[in-house]
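Residue-level structure breakdown
Spelled out, the chains give:
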Amino acid sequence: MQSTVVRDMDSLQKQLLALAKQNKRVALVPTMGALHAGHMALVAEAQKHADAVIVSIFVNPMQFGQNEDFDKYPRMLEADVKKIDEAGGALVYAPSAEDIYPPGFITTVSVGELGNILCGASRPGHFDGVATVVTKLLVRMLPHVAVFGEKDYQQLCVIRRLAYDLDIPVEIVGLPTVREADGLAMSSRNAYLSPEERKLAPKLHFSLVQTAGRIVHGNTPVSEALKDGIALLTTLGFKVDYLELREAGTLRAMDTFDAPARLLCAGWLGKTRLIDNISME
Ligand code: AMP
């Protein structure tokens, strides 16, 4: 079914009003576009939860650092809309930066320490950018449900936190990471990888699985397993940002394993930053 594409707040409000008048249950899937099977799994999940699905496509300048890949981030709205059409169609909201951040915009949403650890430590301000834009999207649309991927696990924790803290009446649904056949987590940034880097990239997931196995089944002390995991990735050619074991809900540090936990890592392969995580329940 053909999607309806709106590019600004007024057109969006008209569509939302029509949906509200029909008493439709609405699910939102926020994305930055360059849609792949991971995103489409979120759309399929959203369809299960609601009568109408909104997919937002916005490369959010506020969540990119100065030397990050905002300019080269892939943008392909037409191809994205085609994929959404093939999946049953949706209301696609693809705003301009001015539509989200009109002149004079100064307010930010910040989730404190939760946004400063892990990826927040290597990307200062990133989660303020994420929290601000997602808050704006949720408040603008007031969807019944919003669907996010566990691929960006810290982001999912940040969004659960802000929705709770700010009393935003939305159900946040998290979906498991969709992977390539060799284990690499699907990501729009995988397109940056050279053929050689692409061959190495699944090792990130492999090292998570191996490290988790050593902690749970091998009784290896957490600090030793993490140190060895980082050493393995470094030997393979990754520049590791972090490999850490955290409490699953709060992302608080954990010295000894206690379920439910999450093992998370981020590392660079050449000029591409990859992230991944797995559950340890
Ligand atoms: P992005 O376009 O990268 O900002 O991602 C938009 C949404 O898709 C976020 O909720 C991501 O966590 C989710 N997502 C991205 N990649 C995957 C994946 N491989 N599996 C599941 N969800 C994903």
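The following refers to the structure shown. (Residues numbered from 1 in each chain as written. Predicted model: local features only at pLDDT ≥ 70, side-chain atom pairs only at ≥ 80, totals over all residues. Heavy atoms only, no water.)

**Concerning the site of the ligand**
Around the ligand there are 17 residues in total, and His39, Gly149, Asp152, Val178 and Met186 lie nearest to it. Side-chain polar atom of Asp152 to an oxygen atom of the ligand: 2.7 Å apart, as the coordinates give it. At 2.8 Å, a backbone N or O of Val178 approaches a nitrogen atom of the ligand. Looking at the shell around the ligand, the elements that each hand over two or more residues are β2 (26–31), α2 (37–49) and β5 (145–149). Ranked by the residues each element gives to the shell around the ligand, the list is headed by α2, at three residues. Split into classes, the residues belonging to the shell around the ligand amount to eight nonpolar, seven polar and two charged. (Near = heavy atom within 4 Å. Polar contact = N/O pair within 3.5 Å; in protein donor to acceptor, adjacent residues only side chain to side chain. Helix = DSSP H or I, 4+ residues; strand = E, 2+ residues; numbered from the N terminus. Nonpolar A, V, L, I, M, F, W, Y, C, P; charged D, E, K, R; others polar.)

**Side note on the nonpolar core**
If you look at the biggest cluster of nonpolar residues, it comprises 45 residues, and the most contacted ones within it are Ile54, Tyr93, Met141, Ile172 and Leu251. Broken down by secondary-structure element, the contributors of at least two residues to this core are α1 (9–21), β2, β3 (52–57), β4 (91–93), α6 (126–141), β5, α7 (153–165) and β8 (261–269). Sorting elements by how many residues they give to this core places α6 first, with eight residues. Of all hydrophobic cores here, the second largest spans 22 residues; its members include Leu193, Ala225, Leu233 and Phe238. (Core = buried A, V, L, I, M, F, W, Y, C linked by side-chain atoms within 4.5 Å. Buried < 20%, exposed > 50% of the residue type's maximum accessible area, 1.4 Å probe, protein only.)

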